[in-house]
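These are the residues of each chain, in order.
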Amino acid sequence: MMKQVADGVWVRQSEWVWSNSTVVRVDDGVILVDPGIDGADLNALADEIDRLGLLVIAGFSTHLHWDHLLWHERFGDVPRYATAPSAQAVDAVRDRAQAMAEESAEGVPLELIGRLTALPADGGPIPGELIEHEAHAIGHAAVLLADRGVLIAGDMLSDVLIPLLDFRRDGQVDAYEVALDRLGAAAADVDVVIPGHGAVAEGPEVASRLAADRAYIDALRRGVEPDDARLEQEWLAGPHQGNVEQARRSSE
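Student: Break down the overall build of the chain for me, citing the residues and quoting the values.
Tutor: When helices and strands are tallied, the chain shows 6 helices and 12 strands. Expressed as a percentage of its 252 residues, the buried residues of the chain come to 57%.

What follows is the structure, given as structure tokens:
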């Protein structure tokens, strides 16, 4: 079920890699950020929004991996936004996203995957400030709700997944460092960080997430094995194997 984490901000977590759907109240209704994962999750999310008595007026996808491109007809035929680079690239990834959703989730309306348009220069209905970067995926963006003390981080700052770099593109270590600098500046005055996967970070845990990911990227740059590599191997060998491997594949 949805958990309220700040004024007008709710999070619903699915079992699939602890994926977080974020609901943000605005003047005319709510914005959905990265809703997922399977049909049962999407239906349950729609039920909970109905109980709030609010209408979905728009969606936002933080990046182009399949598990962040989902939608359901119950949310309505409303604009679904992304950054301009994501919107420009989405047609090229839609077929693969549909195939991965069909393989990994049940009851997902495949025809609704990735119907995105570029966010207007003025931000349109999406509240707050976008923090754009090129780590993890083309056109990745976080949403800073400074007035509510919340940063919606997309697939960054997770406590269950290591930093996943897109090694098909050059300069990803540099890009990740730039992204962490931007997210760190944005998070300086927030109390809550909502990652795409894992537990919501609150209070001191926000700085801890940033420090852990900085240490991991620094180790990659120095060519040494990151401390988290041991933890990753434990996860891969444990009961979460399928979830973690699917999350890694979703970034491919």
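Student: Break down helix H4 (residues 204-222) for me, citing the residues and quoting the values.
Tutor: Given a rise of 1.5 Å per residue, 19 residues ought to cover 27 Å, and the 27 Å separating the end C-alpha atoms of H4 matches this to within 8%. When H4 is considered as a whole, its buried residues turn out to be Val206, Arg209, Leu210, Asp213, Tyr216, Ile217 and Ala219. The positive-phi residue at the C-terminal boundary of H4 is Gly223, with phi of around 75°.

Student: Break down the environment of Ala153 for me, citing the residues and quoting the values.
Tutor: With respect to the element layout, Ala153 can be found in strand S10 (residues 150-154). Exposure remark for Ala153: the relative accessible area of 0% places this residue in the buried category. Note: C-alpha distance between Ala153 and Thr62 (91 residues apart in sequence) is 8.1 Å. With residues up to four places along the chain from it excluded, the contact list for Ala153 reads His140, Ala142, Val193, Ile194 and Pro195.

Student: Outline the environment of Thr83, listing residues and values.
Tutor: Mapping Thr83 onto the fold places it in the loop between strand S6 (80-82) and helix H2 (84-104). Apart from residues lying up to four places away in sequence, Thr83 is in contact with Phe60, Leu130, Glu132, Gly139 and Ala141.

Student: How would you explain the sheet that holds strand S11 (residues 192-195) if you had to name every residue and give the values?
Tutor: A sheet is described by the order of its strands in space; here 5 strands give the open sequence S8-S9-S10-S11-S12, paired in mixed fashion. What marks the edges here is a single partner per strand, and that holds for strand S8 (129-133) and strand S12 (201-202). Across 4 bridges, S10 lies against S11 in parallel orientation. If you follow Ile152 over to S11, its bridge partner there is Ile194. Docked against the sheet, helix H3 (residues 172-187) engages S8, strand S9 (140-145) and S10, running at close to 160° with respect to S8.

Student: With reference to specific residues and values, describe empty space enclosed by the protein.
Tutor: Applying the stated criterion across every chain yields a total of 4 cavities of 30 Å³ or more. The residue makeup of the lining of the second largest cavity, split by class, is 2 nonpolar, 8 polar and 2 charged.

Student: Go over the sheet that holds strand S5 (residues 56-60) with me, naming the residues and quoting the values.
Tutor: Each strand in a sheet pairs with its neighbour through backbone hydrogen bonds, running either in the same direction (parallel) or in the opposite one (antiparallel). In spatial order, the strands read S1-S2-S3-S4-S5-S6-S7; together these 7 strands make up an open sheet with mixed pairing. Of all strands in the sheet, those bounded by a partner on one side alone are strand S1 (3-6) and strand S7 (117-118). As judged from the 2 bridges shared by S6 and S7, these two strands associate in the parallel manner. Of the residues in S7, the one forming a bridge with Ala82 is Ala118.

Student: Summarise the side chain of Asp41; cite the residues concerned and give the values.
Tutor: By the element assignment, Asp41 lies in helix H1 (residues 39-52). Residue classification places Asp41 among the buried positions, given a relative accessible area of 11%. Setting aside anything within four residues of it in sequence, one finds Asp41 in contact with Arg12, Ser14 and Gly36.

Student: Any details on the nonpolar core? Residues and values, ideally.
Tutor: Leu151, Met156, Leu157, Leu183 and Val193 are the most contacted members of the largest nonpolar core, which totals 25 residues. Those elements that place two or more of their residues in this core are S9, S10, H3 and H4. Ranked by residues supplied to this core, first place goes to H3 with 7 residues. Other than its neighbours up to four places away in sequence, Leu183 contacts Ile131, Ala142, Leu151, Met156, Leu157 and Leu210. Residues Ala58, Tyr81, Leu119 and Ile126 belong to the second largest nonpolar core, which totals 20 residues.

Student: Before we move on, could you go through the pattern of salt bridges and cite the residues and values that matter?
Tutor: On inspection of all chains with the given rule, the structure shows 15 salt bridges. The partner of Asp7 in a salt bridge is Arg25, with the nearest N and O atoms 3.0 Å apart. Of this pair, Asp7 sits in the loop between S1 and strand S2 (9-13) while Arg25 is found in strand S3 (residues 20-26), placing the two residues 18 residues apart along the sequence. Asp47 serves as the salt-bridge partner of Arg74, at 2.8 Å between the closest nitrogen and oxygen. Within this pair, whereas Arg74 is found in the loop between S5 and S6, its partner Asp47 is found in helix H1, the two being separated by 27 residues in sequence.

Student: Break down the pairing of S1 for me, with residues and values.
Tutor: Relative to S2, S1 is paired through 3 bridges, and the arrangement is antiparallel. When the sheet's bridge partners are listed, Lys3 is paired in S2 with Val11. Hairpin remark: S1 followed by S2, antiparallel, with 2 residues in the connecting loop; positive phi at Gly8, about 70°.

About the thresholds
- Residues numbered from 1 in each chain as written.
- Predicted model: local features only at pLDDT ≥ 70, side-chain atom pairs only at ≥ 80, totals over all residues.
- Heavy atoms only, no water.
- Helix = DSSP H or I, 4+ residues; strand = E, 2+ residues; numbered from the N terminus.
- Buried < 20%, exposed > 50% of the residue type's maximum accessible area, 1.4 Å probe, protein only.
- Expected span 1.5 Å × (residues − 1).
- Contact = heavy atoms within 4.5 Å.
- Pairing = 2+ DSSP bridges.
- Axes fitted to C-alpha atoms, helices over the stretch in contact; angles between N-to-C directions.
- 1 Å grid on protein atoms, 1.4 Å probe; cavity = no way out; pocket = protein on both sides within 12 Å on 5 of 7 lines; lining within 4 Å.
- Points joined across faces, edges and corners; volume = space filled by probe spheres on them.
- Nonpolar A, V, L, I, M, F, W, Y, C, P; charged D, E, K, R; others polar.
- Core = buried A, V, L, I, M, F, W, Y, C linked by side-chain atoms within 4.5 Å.
- Salt bridge = Lys/Arg side-chain N within 4 Å of Asp/Glu carboxyl O.

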